Amino acid sequence: MNKNQSYINTFSLFFAQAFGMLNTFVFVFIGGLVFSNLKHNSIEATLPFALVVLGTALAAYPAKTFMEKYGRKNCFIVIAIFASLAIALATVSIQQGWFWIFCFASLIIGVARYFMMQYRFAVSDGVSEKKSSQFVSIILLGSILSAVMGTHVVDFTKDLTHTIYVGSFFALFVLSLIVIIALFFYKDIPVAKTDPNSINDAHLEAKTITKNFVPTVILSTCSYFVMCLVMVAAPLQIHEITHFSIKETGSVMQWHFIAMYLPSLFFHRISSWFGNYKVIALGIILFACSAISGLFLEPTYAHYLITLICLGTGWNLCFIGSTVILRESHLEKNKLKSQATNDFYVFAFNVIACLFAGKLVYTLGWFGINLIAIAVVAIMAISLMTILINVRARQAV
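The residue numbers shown here count from 1 along each chain, following its written sequence. In keeping with the model being predicted, local features are shown solely for residues with a pLDDT of at least 70 and side-chain atom pairs are shown and tallied solely at 80 or more, while totals for entire chains, interfaces and linings include all residues. With hydrogens and water set aside, each side-chain value is computed from the structure's full complement of heavy atoms.

Asker: Can you help me understand the overall build of the chain in this one?
Answerer: Along its length, the chain carries 15 helices and zero strands. Categorising residues by exposure relies on relative accessible area from a 1.4 Å probe, with only protein chains included: less than 20% of the type maximum marks a residue as buried, more than 50% marks it as exposed, and the intermediate range marks it as partly exposed. Residues classed as buried in the chain amount to 58% of the 397 residues present. Each accessible area is a Shrake-Rupley result for a 1.4 Å probe, and residues are judged covered by the shown protein chains and nothing else. Just so you have it, the chain exposes about 16,700 Å², and 69% of that area is on carbon and sulfur atoms. Only DSSP runs of H or I with at least four residues qualify as helices, and only runs of E with at least two residues qualify as strands; both kinds are numbered from the N terminus onward.

What follows is the structure, encoded as structure tokens:
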């Protein structure tokens with residue numbers, strides 16, 4: 001691939017990620033509050049983001065087929081257009097009080113979100129493995145811009161009309177058009193044909209690759225499950241249960257989103273120093289710290305800040321690390337299928353986390369949410385140890 005095109009692709013997808021991720025931030029931050037106003041039922045507050053995640057999960061396998069047939073660029077652009085239309089529909093539905101139309105729009109935005117998640121794979125096409133983690137990190141850095149913009153967009157626009165938050169979603173629609181423009185600069189990179197001899201060198205090699213794929217998928221799935229469970233429950237816990245202001249709630253969520261993506265700036269350097277496995281181990285430790293702080297600290301602003309920052313940072317290290325390891329856990333010829341399988345399980349379990357986060361935080365409380373989180377973190381630790389055992393077994397041969 002032309003070196004200049006690789007950088008054009010990277011920054012094209014960077015801006016697409018930055019303005020595309022605003023959808024996720026806004027739905028996490030105020031989606032529950034919007035539905036609380038519409039339905040007057042806080043138990044249903046996490047339904048919109050749950051539908052976003054459901055749409056993401058449902059898109060996994062169809063997206064693979066479409067991208068293979070029509071190319072990533074064409075799919076990215078068409079889906080970005082549908083996302084803009086869905087946001088426009090969501091804006092109207094809030095104005096009119098159409099609950100289920102809003103739900104439908106959420107589902108469409110979730111489908112678009114899956115394609116946006118493929119940016120991290122698209123940017124790795126045609127580049128060396130050494131550059132892969134660096135380029136993935138740059139793409140995820142776009143989400144920091146989303147976090148910085150997100151709270152200001154909501155704060156400045158939520159009262160523009162008589163119906164609260166209509167202005168926020170209209171602003172989201174306008175900004176979503178930037179995603180479409182940015183994607184026109186992206187260029188598809190043909191998948192390199194794999195030398196059959198390079199994947200047929202030893203039976204143990206293929207067997208080890210297969211063995212590592214399952215625990216890698218479990219690791220990715222659990223890291224996203226914990227993050228979504230706590231993150232989606234957090235605005236309800238902070239604003240509606242412990243009665244912090246919307247500004248304080250937005251501040252906590254903003255720093256959480258920044259923590260989710262800021263480590264991306266340093267990930268490739270840290271991983272080159274210590275290796276992906278140690279970085280993932282650090283991420284698991286931070287997940288544990290987040291859950292422990294949620295279990296034992298008093299519900300103050302500082303407590304929520306510590307919990308959500310540790311949660312976001314832990315997710316970043318585990319997510320990027322597992323993304324890079326996933327490349328080593330399947331054969332090149334099975335790349336798209338393996339990526340789709342990984343993402344299907346990741347987002348299918350996220351649906352469960354998002355759907356029940358609201359109900360759990362009202363029935364089990366913040367303590368119960370973090371108790372579930374610490375149990376899932378233990379599964380992550382077991383998965384990482386399994387991967388390390390398989391890698392050492394391969395190296396010993």
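Asker: What exactly am I supposed to notice about the pattern of salt bridges here?
Answerer: Close approach of charged atoms allows side chains of opposite charge to pair. Here a salt bridge means any side-chain nitrogen of Lys or Arg lying within 4 Å of a carboxyl oxygen belonging to Asp or Glu. Evaluation of the coordinates by the stated rule reveals two salt bridges. The residue aspartate 159 makes a salt bridge to lysine 158 at a minimum N-O spacing of 3.0 Å. Given the relative accessible area of 52%, aspartate 159 is considered exposed.

Asker: Would you take a moment to explain helix 4 (residues 72-96) for this structure?
Answerer: An α-helical turn contains 3.6 residues, so any two residues separated by three or four positions project in the same direction. The end-to-end C-alpha separation of helix 4 is 36 Å, in line with the 36 Å expected for 25 residues at 1.5 Å each. Looking one or two places after helix 4, you find glycine 97, whose phi comes out positive at around 75°. The length a helix should cover is 1.5 Å for every residue beyond the first.

Asker: I keep staring at helix 8 (residues 166-183) and nothing clicks. Help me out?
Answerer: In a regular helix each residue adds 1.5 Å, so 18 residues correspond to 26 Å; helix 8 covers 27 Å between its end C-alpha atoms and thus fits that length. For helix 8, the full list of buried residues reads Val166, Gly167, Ser168, Phe169, Ala171, Leu172, Leu175, Ser176, Val179, Ile180, Ala182 and Leu183.

Asker: Which parts of the structure should I look at to understand a nonpolar patch on the surface?
Answerer: A grouping of Tyr345, Phe349, Ile352, Leu355 and Phe356 is seen on the molecular surface, where their side chains present a nonpolar patch of about 450 Å² in accessible area. Relative accessible area serves as the criterion here: at 39%, tyrosine 345 is assigned to the partly exposed category. Without a salt bridge and with relative accessible area above 30%, a residue can belong to a patch; like charges are then joined within 9 Å and nonpolar side chains (Val, Leu, Ile, Met, Phe, Trp, Tyr) within 5 Å.

Asker: Would you take a moment to explain the side chain of glutamine 118 for this structure?
Answerer: For glutamine 118, the location among the structural elements is in the loop between helix 5 (99-117) and helix 6 (119-122). A residue is classified by how much of its surface remains accessible, and glutamine 118, at 1% relative accessible area, is buried. For this analysis, residues touch if any pair of their heavy atoms sits within 4.5 Å. Not counting residues within four places of it along the chain, the set of residues in contact with glutamine 118 comprises Met67, Phe76, Gln339 and Asp343.

Asker: Please clarify how the packing of helix 4 against helix 5 should be interpreted in this entry.
Answerer: A packed helix pair is summarised by two numbers, namely the angle formed by the two axes and the spacing between the axes. Angular values range over 0 to 180 degrees, each being the angle between N-to-C directions of two axes fitted as lines to C-alpha atoms, with helices fitted over their stretch in contact. Put simply, helix 4 and helix 5 touch, their axes get as near as 8 Å, and they point 155° apart. Judged by the inter-axis angle, helix 4 sits roughly antiparallel to helix 5. In this structure, the crossing between helix 4 and helix 5 has a hand that is left-handed. Contact with helix 4, carried on its side by Cys75, Phe76, Ile79, Phe82, Ala83, Ala86, Ile87, Leu89, Ala90, Ser93 and Ile94, involves Ile101, Phe102, Phe104, Ala105, Ile108, Ile109, Ala112 and Phe115 of helix 5 and no other residues of that element. Gly falls in the polar group here, along with every residue not listed as nonpolar (Ala, Val, Leu, Ile, Met, Phe, Trp, Tyr, Cys, Pro) or charged (Asp, Glu, Lys, Arg). Partitioned by chemical class, the residues of the contact of helix 4 with helix 5 number 18 nonpolar, one polar and no charged. If an angle is under 35 degrees, it is roughly parallel; if it is over 145, roughly antiparallel; if it lies from 65 to 115, roughly perpendicular; otherwise it is oblique. If you view the pair so one helix is near and one far, a crossing is left-handed when the near helix is turned anticlockwise from the far one by less than a right angle, and right-handed when it is turned clockwise.

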